[in-house]
Amino acid sequence: MIIDELKKITKARLKMEFDVYMQEIHWADSIGRKDIAAQLCEKHLVERQHITNHLK
């Protein structure tokens, strides 16, 4: 039961983190900083892959 709660919390936290990345990417894009948006996108993908592999 505690493990299930921790999994829910972990999923929620990861979703929040990834949502923030997307907000930052959209913000950088909206002010014309496509270079920063691309860097953030790459970091987002790398971090997501790292976390996903770690949780398997």
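Presented here is an overview of the structure given in this document. For clarity, every value in this text was computed on a predicted model and none was experimentally measured.

### Describing the overall build of the chain
Alright, step 1. Of regular secondary structure, the chain possesses two helices and zero strands.
Alright, step 2. A compact globule built from 56 residues should have a C-alpha radius of gyration of about 10 Å, whereas the chain, at 14 Å, is more than 25% larger.
Alright, step 3. If one aligns the C-alpha atoms of the chain with their principal axes, the spans along those axes are about 45 × 20 × 5 Å.
Alright, step 4. A total of 56 residues make up the chain; the buried ones form 16% of that total.
Alright, step 5. For the chain, the exposed surface amounts to about 5,000 Å²; the carbon and sulfur share of it is 62%.

### Topic: a nonpolar patch on the surface
Alright, step 1. Nonpolar side chains collect at one region of the surface, where Ile2, Ile3, Leu6 and Ile9 lie side by side and expose about 430 Å² of accessible area between them.
Alright, step 2. Residue position: Leu6 is located in helix H1 (residues 2–30).
Alright, step 3. We classify Leu6 as partly exposed; its relative accessible area is 47%.

### A look at the environment of Asp35
Alright, step 1. Looking at where Asp35 falls in the secondary structure, it is placed in helix H2 (residues 34–55).
Alright, step 2. Asp35 sits in the partly exposed class, given a relative accessible area of 40%.
Alright, step 3. One polar contact links Asp35 to Arg33, side chain to side chain, over a distance of 2.8 Å.

### Quick look at the pattern of salt bridges
Alright, step 1. Evaluation of the coordinates by the stated rule reveals four salt bridges.
Alright, step 2. Between Arg13 and Glu17 there is a salt bridge, with its nearest N and O atoms 3.6 Å apart. Of this pair, Arg13 and Glu17 both sit in helix H1, four residues apart, which is roughly one turn of that helix.
Alright, step 3. Across the pair Asp19 and Lys15 runs a salt bridge whose closest N-O atoms are separated by 2.9 Å.

Cut-offs used in this document
- Residues numbered from 1 in each chain as written.
- Predicted model: local features only at pLDDT ≥ 70, side-chain atom pairs only at ≥ 80, totals over all residues.
- Heavy atoms only, no water.
- Helix = DSSP H or I, 4+ residues; strand = E, 2+ residues; numbered from the N terminus.
- Rg over C-alpha atoms; globule rule 2.2 N^0.38 Å.
- Buried < 20%, exposed > 50% of the residue type's maximum accessible area, 1.4 Å probe, protein only.
- Areas by Shrake-Rupley, 256 points an atom, 1.4 Å probe, with all protein chains shown as cover.
- Patch = residues over 30% accessible without salt bridge, like charges linked within 9 Å, V, L, I, M, F, W, Y side chains within 5 Å.
- Salt bridge = Lys/Arg side-chain N within 4 Å of Asp/Glu carboxyl O.
- Polar contact = N/O pair within 3.5 Å; in protein donor to acceptor, adjacent residues only side chain to side chain.

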